[in-house]
There are 2 protein chains.
Amino acid sequence: MSDVKEVLGTYSGDITKTIEDELSTITPDNLAEASVYLTRAGGKMLRPALTLITAEAVGGKRESALKAGAAIELIHTFSLIHDDIMDQDDMRRGMPSVHKVWGDDVAILAGDTLFSKAFEIIIGSEGTSSDQNNKALATVADACVKICEGQALDMGFEERFDVTEDEYMEMIFKKTGALIAAATKAGAIMGGADDEVIDAMYEYGRLIGLAFQIQDDYLDLASDEETLGKPIGSDIGKGKMTIIAIKGLASVEDDRLLEILKAENNSQDEIDEAIEILTNCGAIEYARNLALESVDKAKQVLEILDDSSSKQVLSDIADFVLERSA
Amino acid sequence: MSDVKEVLGTYSGDITKTIEDELSTITPDNLAEASVYLTRAGGKMLRPALTLITAEAVGGKRESALKAGAAIELIHTFSLIHDDIMDQDDMRRGMPSVHKVWGDDVAILAGDTLFSKAFEIIIGSEGTSSDQNNKALATVADACVKICEGQALDMGFEERFDVTEDEYMEMIFKKTGALIAAATKAGAIMGGADDEVIDAMYEYGRLIGLAFQIQDDYLDLASDEETLGKPIGSDIGKGKMTIIAIKGLASVEDDRLLEILKAENNSQDEIDEAIEILTNCGAIEYARNLALESVDKAKQVLEILDDSSSKQVLSDIADFVLERSA
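Residues numbered from 1 in each chain as written. Chains lettered and ligands numbered in written order. Predicted model: local features only at pLDDT ≥ 70, side-chain atom pairs only at ≥ 80, totals over all residues. Heavy atoms only, no water.

A. Representation of the overall build of chain A. Helix and strand counts for chain A stand at 16 helices and two strands. For 326 residues, the compact-globule formula gives about 20 Å, and the C-alpha radius of gyration of chain A, at 20 Å, lands near that figure. Dimensions along the principal axes, computed over C-alpha positions, put chain A at roughly 60 × 50 × 30 Å. Residues classed as buried in chain A amount to 57% of the 326 residues present. Partitioning the intrachain contacts of chain A with sequence separation of at least 6 by distance along the chain shows that 73% fall at a separation of at least 24. Accessible surface, chain A: about 13000 Å² in total, of which carbon and sulfur atoms supply 44%. With 30 positive and 63 negative side-chain charges, chain A shows a spacing of 4 Å between the two charge centroids. (Helix = DSSP H or I, 4+ residues; strand = E, 2+ residues; numbered from the N terminus. Rg over C-alpha atoms; globule rule 2.2 N^0.38 Å. Buried < 20%, exposed > 50% of the residue type's maximum accessible area, 1.4 Å probe, protein only. Contact = heavy atoms within 4.5 Å. Areas by Shrake-Rupley, 256 points an atom, 1.4 Å probe, with all protein chains shown as cover. Lys, Arg positive; Asp, Glu negative; His and termini not counted. Charge placed at Lys NZ, Arg CZ, Asp CG, Glu CD.)

Okay, structure coming up:
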């Protein structure tokens, strides 16, 4: 799958340049620096690359989707900056997070600035019609509302151990899937696809977004500490409601799993015990299958497209979501 | 001037209804409540009313500008919510501010949600072309960038006593004027005006926005405590750089004014002393004249429009900005 990373790399140069150009006019200096900081921190640029690749895969030109892609990356960056404030996460992409460097106030503003810029950029897309720009913008705005709703749902799950699978799926769709779906839909719109194809590309994005998030839950238990960069089972330690924890709680009859999830300070032995319970009751396998099914469905959805190298890349990206190990 | 308040009142019903409708789909409940809270707190709705009145004044229909107006009110509300977090202001419109009721995290998210909704609403404007919706949205997005820049500039003025008049004017234009200018410009766009009129209406909004902010500085020294709802001279007590303080510091030769502005805890006698210095050196009159000139220019700009009752209302609103006493 190093191929996929290479392909993403071939798109990131144009996207980075567009972002740098568009953010170059921000003043004063501290706001400009705080706004551009995370965009230079070497993110994968998966979302904007998906926008450009989708534009090509529906028969359009990547250039026509360039501004939409850059805008979507800025929306993603904005949401990371504000989430890190809310979740008090002090590191992001291996660097101190924006609020750690500039403080909460400037971090709030930097997020707001990127958010504003994103809409300004997308509406200024070139080589596309006003109708296309309009439709792409509506798609992104809808995703932004969902991101906020998803974050609010996620915060509401804290201290709750009765979260249902449906609630969880809604949360991850809104928090993660909606922007990925908007990325591929916007690519289809800017590439000039018809409504049927546009809808299909939204569904493709939604499905790989779900798989992406479920895979995150899976890797927390199934990867190794060195690859993951954090201890195995840290979600269990934090009592986090993942699809695996939810399925496990619904599957086992005694209270031991709930006890461990509720406990404040678990030993590694207790976390290992929980992993064993989750393995034995089939919860881990269930999550893995759910992710696999989503990826399979995503690849089926692509059948609406004519064969092309870009279509193949979209199919490879769907596989890549599950083959990554961190 | 109770007439202007009455006229604003005749527009606020439609705007309020549009906002309520558009926000009714937000979930979960706490996010929905935090998002809608301030929109129900009885703001003047000056900005959206300006959008609708301008649409009429250029010969268009108020309905065509309704969604744009609602969106601009949401942008205004979003900026109040985030500013109150940054400035740690615990009251807003006579009620506890959003972050006091729901906490900083939900307040950040509620602001982000209103921001997202605003763009979604404006792009879904009805009875206007995609080109018009596009242009209105670009106008609002540009104002949003400026609002963030203005807030960053304002925060950068803290602890500084060498702020220049130019710096101050840039800050208040970005923080306050830009959205008012966007409100009138969006109204002109949605009302179907040509580019010359659209630009003129932006200029009208910019000028009354400046007058509005300068009047705020003026009232802090020239109103009375009962009308203003806070002690006279509170800006001096806080060492805040207003146009009056900046002009005063540039006009007087001894250091007494600077001393009082820099001091942490001024007595009322000291504040009265500073007001006397500012009066004697002409700084208060200077600010008042600046506001008067802006309003005069704003009314001259209106001459590009054919006579109508809506044009008259715009002229009255320009006067109203200076005749308000709180």
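B. Expanded view of the pattern of salt bridges. In the structure shown here, the tally under the stated rule is 48 salt bridges over all chains. In this structure, Arg160 of chain B engages Glu167 of chain B in a salt bridge whose closest nitrogen and oxygen atoms are separated by 2.9 Å. Given the relative accessible area of 27%, Glu167 of chain B is considered partly exposed. Linking Glu203 of chain B and Arg206 of chain B is a salt bridge whose minimum nitrogen-to-oxygen distance equals 3.0 Å. Within this pair, Glu203 of chain B and its partner Arg206 of chain B are both found in helix α9 (residues 195-222), separated by three residues, close to a single helical turn. Taken together, the salt bridges that share partners define one network made up of Asp14, Glu56 and Arg62 of chain A. (Salt bridge = Lys/Arg side-chain N within 4 Å of Asp/Glu carboxyl O.)

C. Seen up close, the environment of Ala181 of chain A. All names here are of chain A. Looking at the secondary structure, you find Ala181 in helix α8 (residues 165-190). The exposure class of Ala181 is buried, given its relative accessible area of 0%. As for Ala181 and Thr139, which are separated by 42 residues in sequence, their C-alpha atoms are 9.1 Å apart. Not counting residues up to four positions away in its chain, the partners in contact with Ala181 are Tyr202, Gly205 and Arg206.

D. Region of interest: the packing of aromatic side chains. Counted according to the given criterion, the structure contains eight aromatic pairs over all chains. Geometrically, the ring pair formed by Tyr37 of chain A and Trp102 of chain A is edge-to-face, given 5.1 Å between the ring centres and 80 degrees between the ring planes. Remark: Trp102 of chain A occurs in helix α5 (residues 98-102) and Tyr37 of chain A occurs in helix α2 (residues 29-37); sequence separation between them is 65 residues. Residue Tyr37 of chain A is classed as buried on the basis of its relative accessible area of 16%. Aromatic side chains Phe119 of chain A and Phe119 of chain B sit 4.1 Å apart centroid to centroid with 10 degrees between the ring planes, which places their arrangement in the stacked category. Of this pair, Phe119 of chain A sits in helix α6 (residues 104-123) while Phe119 of chain B sits in helix α6 (residues 104-123), each in a different chain. Using a relative accessible area of 1% as the deciding quantity, one classes Phe119 of chain B as buried. An aromatic cluster is built from Phe78, Phe115 and Phe119 of chain A together with Phe78, Phe115 and Phe119 of chain B, whose rings are joined through pairwise contacts. (Phe/Tyr/Trp six-rings, centres within 6.5 Å; stacked < 30°, edge-to-face > 60°.)

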